[in-house]
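Structure at a glance
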Amino acid sequence: MWQRKTIAGFVLGSFLMLTGACTTNPYTYQGGTTGAAIGAAAGALIDKHNRWRGAVIGGALGSALGAITTEIAARAAREAAMSNRPVAYQSTDGWQRVEARPMGYDAKTHCHKVHERIWQGGRLVKDRIREVCEGEKFTPGY
């Protein structure tokens, strides 16, 4: 029985590492890390019989959900910036929605400003302005 759990944990961990390697920006890792921390804490609180098991399962699921949400939001922002039109993605069950609306272009920095909003369960969870630049920006200021 113990060997099955070890093998299942190894397979799940390998799957998450492989899918995490397919990201297009560094913010996906930040979203995955935040999701893992929140998921681990929630899992430990929910599983009263084995808090470690709850933390591992919650962390794995939270990491995947956080990384996927961040990647979808980044993709929507890039599409909105390049097409100069609003872009929206919604999950098939309607629980999660990502909207990106272009706000303008700065010819000096070659960056587009995009207003990004994320809803989960009908509640606004993130509302921010994101910069989408045509090239790589190496300095924090302008």
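Residues numbered from 1 in each chain as written. Predicted model: local features only at pLDDT ≥ 70, side-chain atom pairs only at ≥ 80, totals over all residues. Heavy atoms only, no water.

The protein is annotated in an unreviewed UniProt entry as YMGG-like Gly-zipper domain-containing protein from Methylomarinovum tepidoasis.

**Focus on the pairing of strand S1 (residues 87-90)**
Of the strand pairs in this sheet, S1 and strand S2 (residues 96-106) are connected by 4 bridges, and their pairing is antiparallel. Paired with Gln90 across the bridge in S2 is Arg97. (Pairing = 2+ DSSP bridges. Helix = DSSP H or I, 4+ residues; strand = E, 2+ residues; numbered from the N terminus.)

**Describing helix H3 (residues 51-83)**
Helix length check: H3, at 33 residues, gives a terminal C-alpha distance of 47 Å against a target of 48 Å (1.5 Å per residue), a fit within 8%. Just downstream of H3, Asn84 is the residue with a positive phi angle, here 55 degrees. (Expected span 1.5 Å × (residues − 1).)

**Some remarks on the nonpolar core**
Residues Ala73, Ala76, Ala77, Ala80, Ala81, Val87, Val98, Ala100, Val114, Ile118 and Val132 constitute the largest nonpolar core, which totals 11 residues. For this core, the secondary-structure elements that each account for two or more residues are H3, S2 and strand S3 (111-120). The element contributing the most residues to this core is H3, with 5 residues. Ignoring any residue separated from it by four or fewer positions in sequence, one finds Ala73 in contact with Val98, Glu116, Ile118 and Arg130. (Core = buried A, V, L, I, M, F, W, Y, C linked by side-chain atoms within 4.5 Å. Buried < 20%, exposed > 50% of the residue type's maximum accessible area, 1.4 Å probe, protein only. Contact = heavy atoms within 4.5 Å.)

**Digging into unusual backbone geometry**
Backbone geometry at Asn84 places phi at a positive 55 degrees, although glycine is not the residue there. Mapped onto the elements, Asn84 comes out in the loop between H3 and S1. The backbone of His110 sits at a positive phi, close to 60 degrees, despite the residue not being glycine. Relative to the elements of secondary structure, His110 occurs in the loop between S2 and S3. Classification of His110 as partly exposed rests on a relative accessible area of 42%.

**Points about the state of the cysteines**
Evaluated as defined, the whole model comprises 1 disulfide. Note on cysteine connectivity: Cys111 is disulfide-linked to Cys133, with sulfurs 2.0 Å apart. Handedness here is read from the sign of the S-S torsion; for Cys111 and Cys133, about 95 degrees, the answer is right-handed. Of this pair, Cys111 sits in strand S3 while Cys133 sits in strand S4 (residues 123-133), and the two are 22 residues apart along the sequence. (Disulfide = S-S within 2.5 Å.)

**A closer look at the side chain of Glu116**
Position of Glu116 among the secondary structure elements: in strand S3. Taking relative accessible area as the criterion, Glu116 reaches 0% and is therefore assigned buried. A polar contact of 2.7 Å, which involves the side chain of Glu116, links it to the side chain of Arg130. Discounting chain neighbours no more than four positions away, the residues touching Glu116 are Ala73, Ala74, Ala77, Glu99, Ala100, Lys126, Asp127, Arg128 and Arg130. (Polar contact = N/O pair within 3.5 Å; in protein donor to acceptor, adjacent residues only side chain to side chain.)

**Considerations on the pairing of S3**
Most of S3 is tucked away: 7 of the 10 residues are buried. Where S2 lies against S3, 10 bridges are found, and the strand directions are antiparallel. Among the inter-strand pairings, Ala100 is bridged to a residue of S3, identified as Glu116. Linkage of S2 to S3, two consecutive antiparallel strands, is achieved through a turn of 4 residues, within which His110 is found at a positive phi near 60 degrees.

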